[in-house]
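Listed below are the residues making up each chain.
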Amino acid sequence: MTLPIRIARLQDEIDELAAISEAHHPAVTRVLFSPEDQRARTWLEEKFRSVGLSVRHDAVGNIFARWEGLHLELPAVATGSHIDAIPNAGKYDGVVGVLGALEAIRALQESGFQPVRSLEIIMFTSEEPTRFGLGCLGSRLLSGAMTPDRALALRSREGLSLAELKIEAGYPEDPELASVRLPQDIYRAFVELHIEQGPTLERDGLDIGVVEKIAAPSSFRFRLEGSGGHAGAVLMPGRRDALLAASEIALAVEKAALESGCPDTVGTTGVLRIEPGAINSIPCRALLEIDLRDTNVKTRQGALDFIRKAAEEICLRRDIDLDYEPINLDPPAICDPQLVDLIQRETETANLKAHRLISRAYHDSLFMALLCPTAMIFIPCRHGYSHRPDEYSSPEQIRAGVQVLGGVLRDLAST
Ligand code: HGY
Ligand code: MN
Ligand code: MN
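A few points on the structure. Here the structure is a predicted model, which means the values were calculated and not measured.

Observations regarding the coordination of the manganese ion (ligand 3)
Taken together, H82 (NE2), D93 (OD) and H194 (NE2) make up the full set of protein donors to the manganese ion (ligand 3), lying 2.1 to 2.3 Å away. For the manganese ion (ligand 3), the single-chain donor residues occur in sequence as H-x10-D-x100-H. A spacing of 3.5 Å is found between the manganese ion (ligand 3) and the manganese ion (ligand 2), which share D93 as a donor. Residue H82 is located in the loop between β4 (76-81) and β5 (85-89), and its partner D93 is located in the loop between β5 and α3 (95-110); the two are separated by eleven residues in the primary sequence. Per residue, the accessibility class of H82 equals that of D93, and both read buried.

Next up, the structure:
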């Protein structure tokens, strides 16, 4: 049955939320514990309450908005995503999964549906790695993929801890982070609606992507220490230039991904910071943060080993001190086959063209899969663009995603 989705209302809310941003339109920047992040959270909780959902948040700021079902004792059906945004991002990444879930629930309410099981929207804290260099902080803690101690040991670029930033952002002294961990199978299922962040659906003229697998992300940090010195006075032989070593390492990352033996291996040096950063001073220090992903853990490991060996060889040859720090090394997630089939059926009921595919981006679903049966619904985004201000999905594409999500939630919450 087609749900009474009011796409104009949803689009207005996407636009309204996009305006709560550190960056100026059309870019969106909303980083964990920033004033914009706080304002967005307050705005969202208000939205949830306005449709009668009971709202709570946990010690790391995950927000839970529940539509109580007839049988409160049954494990709820969960959906959701994130609303934080990396610097100069777009307005759909994550947001479509949170506001789309709200619209799906409103449409189910307006269609007269009464859930047997409760339905719960989760807005996860810090899906993006911007603040601490590690993504999915909220879903890692919630699923047990990360210990509270590891979270408390994280430091922001400015050297601040999670606890210090929480207090600075005005959070009361919340209970222990250990209270964030949810028991296994607390949910009957988790289904996340998200833009594809890739070109496949648009290229193949498809409406929906039914995600079967989420690629395995890993990231790590190299710190390089050379000598530095005066750019004019220090002759070339014997220089210990940290930036040049870093540059060779970044090229080794590309080589490792290209020659891994698997077309799904992707390697990116997304952060490179040098000191002192003066035009007339030889870089004495370099920090690289590297993102390496693959659908195959074996070829990912091969690429990681290649990079580490190359870095050691480069720094030995250039007489640079090298420090290596893994940030995360996560397994891939396999989406629940029964949920995948259910999503597929809902796309057929809605006469939508759908295809099964792999998610190359990671999502909170990667960790929710540790907690309960999990799957994802993708909608196309223009040219596959994401993490850039011109990220775009049309109202019709978003409507299709919300229709499938609503149908799946109705099915799961009916028994
Ligand atoms: O990086 C990712 O895959 C996600 O968009 N945070
Ligand atoms: Mn993202
Ligand atoms: Mn996302």
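Some remarks on helix α8 (residues 242-258)
Taking 1.5 Å of rise per residue, 17 residues should cover 24 Å, and α8 covers 25 Å from first to last C-alpha, within 8% of that figure. Of the positions making up α8, those classed as buried are A242, A245, A246, I249, A252, V253, A256 and A257. Taken around the axis of α8, the buried residues stretch over an arc of 130°, which confines them to a single face. In this structure, α8 carries L251 and L258 as exposed residues pointing more than 90 degrees from its buried face. Turning to α8, the residues buried within the fold contact β9 (216-225), β10 (266-275), β11 (285-294) and α9 (297-317).

Points about the pairing of strand β15 (residues 374-379)
Judged by how many residues are buried, β15 sits mostly within the fold: six of six residues are covered. Here β15 shows two buried faces, one formed by T374, M376 and F378 and the other by A375, I377 and I379. Two strands pair when backbone bridges link them, and strand β7 (residues 187-195) and β15 are joined in this way by six bridges, in the parallel orientation. The partner of V191 across the bridge, within β15, is A375. By the bridge criterion, three bridges tie strand β8 (residues 208-214) to β15 in an arrangement that is antiparallel. Residue pairing across strands places V211 opposite M376, the latter belonging to β15.

Scoring rules and cut-offs
Residues numbered from 1 in each chain as written. Chains lettered and ligands numbered in written order. Predicted model: local features only at pLDDT ≥ 70, side-chain atom pairs only at ≥ 80, totals over all residues. Heavy atoms only, no water. Donors = N, O, S within 2.8 Å, 3.2 Å for Na, K, Ca; no water. Helix = DSSP H or I, 4+ residues; strand = E, 2+ residues; numbered from the N terminus. Buried < 20%, exposed > 50% of the residue type's maximum accessible area, 1.4 Å probe, protein only. Expected span 1.5 Å × (residues − 1). Arc of directions from axis to C-beta. Contact = heavy atoms within 4.5 Å. Pairing = 2+ DSSP bridges.

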